[in-house]
Amino acid sequence: MFSILQEYFSYAFVVRALYVGIFVALCSALLGVSLVLKRYSMIGDGLSHVGFGTLAIAMALNLAPLQVSIPLVLLAAFLLLRVSENSKIKGDAAIALISSSSLALGGIIIAVSTGMGADVCNYMFGAILAMRISDVYLSIGAAAVVLILYLIFYNRIFTVTFDESFAKATGTKVGYYNMLIAFLTALVIVVGMRMMGAMLISGLIIFPALTSMRILKSFKSVVITSAVLAVICFFLGMVLSLIISTPKGGNIPPGASIVAVNLGAFCLFLIIGALKKWNAGRKLRQDLKEAAK
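For the structure given in this document, a descriptive report is provided here. Note that the structure is a prediction, hence the values are computed from the model and not measured. The written sequence of each chain sets the order in which its residues are numbered from 1. Given that the model is predicted, a residue must reach a pLDDT of at least 70 before its local features are reported, and side-chain atom pairs must reach 80 or more before they are shown or counted; all residues, however, enter totals for whole chains, interfaces and linings. Hydrogens and water molecules were not included; the side-chain quantities draw on all heavy atoms of the structure.

**Comments concerning the side chain of Thr54**
Along the chain, Thr54 falls in helix 3 (residues 41-61). The classification of residues rests on relative accessible area computed with a 1.4 Å probe and restricted to protein chains. Under 20% of the type maximum is buried, over 50% is exposed, and intermediate values are partly exposed. Since its relative accessible area comes to 5%, Thr54 is described here as buried. Whether two residues are in contact is decided by their heavy atoms: any pair within 4.5 Å suffices. Excluding residues that lie within four positions of it along the chain, Thr54 makes contacts with Val68, Ser69, Leu72 and Val73. Here a strand is any run of E in DSSP of at least two residues, a helix any run of H or I of at least four, and the numbering for each starts at the N terminus.

**Notes on the environment of His49**
Looking at the secondary structure, you find His49 in helix 3. For the pair His49 and Ala104, spaced 55 residues apart in sequence, the C-alpha separation works out to 9.1 Å.

**Section: helix 8 (residues 154-162)**
The α-helix advances 3.6 residues per turn, and as a result positions three or four apart in sequence lie on the same side. By the burial criterion, the buried members of helix 8 are Ile157, Val160 and Thr161. For helix 8, the buried positions fall inside an angular range of 100° around the axis, keeping them on one side. It is the directions from the helix axis to the C-beta atoms that the arc portrays.

**What to know about the side chain of Thr185**
You can see Thr185 is positioned in helix 10 (residues 174-196). Thr185 sits in the buried class, given a relative accessible area of 1%. Among all residues touching Thr185, those that are not within four sequence positions of it are Leu31, Leu35, Ile43, Leu47 and Ile205.

**Examining the environment of Thr161**
For Thr161, the location among the structural elements is in helix 8. Of the residues examined, Thr161 reaches a relative accessible area of 8% and is grouped as buried. Once the C-alpha coordinates of Thr161 and Lys38 are considered, the two residues, 123 residues apart in sequence, prove to be 5.8 Å apart. In this structure Thr161 touches Ser34, Leu37, Lys38 and Phe219, once residues within four positions along its chain are discounted.

**Structural notes on a nonpolar patch on the surface**
Note on patches: the residues involved have over 30% relative accessible area and no salt bridge, like charges join within 9 Å, and the nonpolar side chains Val, Leu, Ile, Met, Phe, Trp and Tyr join within 5 Å. For every accessible area listed, the method is Shrake-Rupley and the probe measures 1.4 Å; residues are considered covered only by the protein chains on display. Between Lys or Arg on one side and Asp or Glu on the other, a salt bridge is scored when a side-chain nitrogen of the former is within 4 Å of a carboxyl oxygen of the latter. Where nonpolar side chains cluster on the molecular surface, the patch consists of Ile57, Leu61, Leu63, Leu72, Leu75, Phe78 and Leu79 and spans about 590 Å² of accessible area. Where the nonpolar patch is concerned, the elements lending two or more residues are helix 3 and helix 4 (65-86). For Phe78, a relative accessible area of 36% gives the class partly exposed.

See the structure below:
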């Protein structure tokens, strides 16, 4: 197995895929903590469907996918927040409206222009090894921008995530920072779609945060643990997708493999968290019995 992995990692396109994946997984995990705590978890799923629609437009016009998708998904993130905050269509309803419409339009555009083929499957479930060199550079650049902006505005994002009323009272422009979170999420969605696919990219954002929260409570510890988990699960998922062959002679899609590893990590942390609570409850009962004597 190690010889097989060594052979795979000798290829430049596999190494490039690892670089992109590590950056995207790290950014996804950092943003995922705020999205989960603010109950914006489904925004990733909604924007990924918008991303699929924009990729369909790029394919129909024979343009570079990411160069078309990034501005359009950023625009969709802005519209999503504005619709949700300033109309009668709120939260999950706004996300469902925009995401389903984008997915439907994308399917129609592809069917009319190029036909539903293998490229569509790649966009739906990921094909990180098929990324062009221009897409790799653009993805790493966008992920670096996300990481830098997150670190610069970490304190503001923390305040807005936990208590918007307090943030407003201290003079923080909550709307701007909510928009910043949405824009950063849109960037991660677009650059991550080639890796995870439109159907699975939201799992890369949500799973690490939910997994860390099974055993940790402080914001900082959850953020750090989520980042570490995301990178580890990405790497393990990539390795499994490379070495496991299907009966038809192909390999497991990288996006599906990465999400499956994240699911395994979530189940493990869920068990550990349950054991911690059980031990804490047992200790408390013992202390109460001793105090009653």
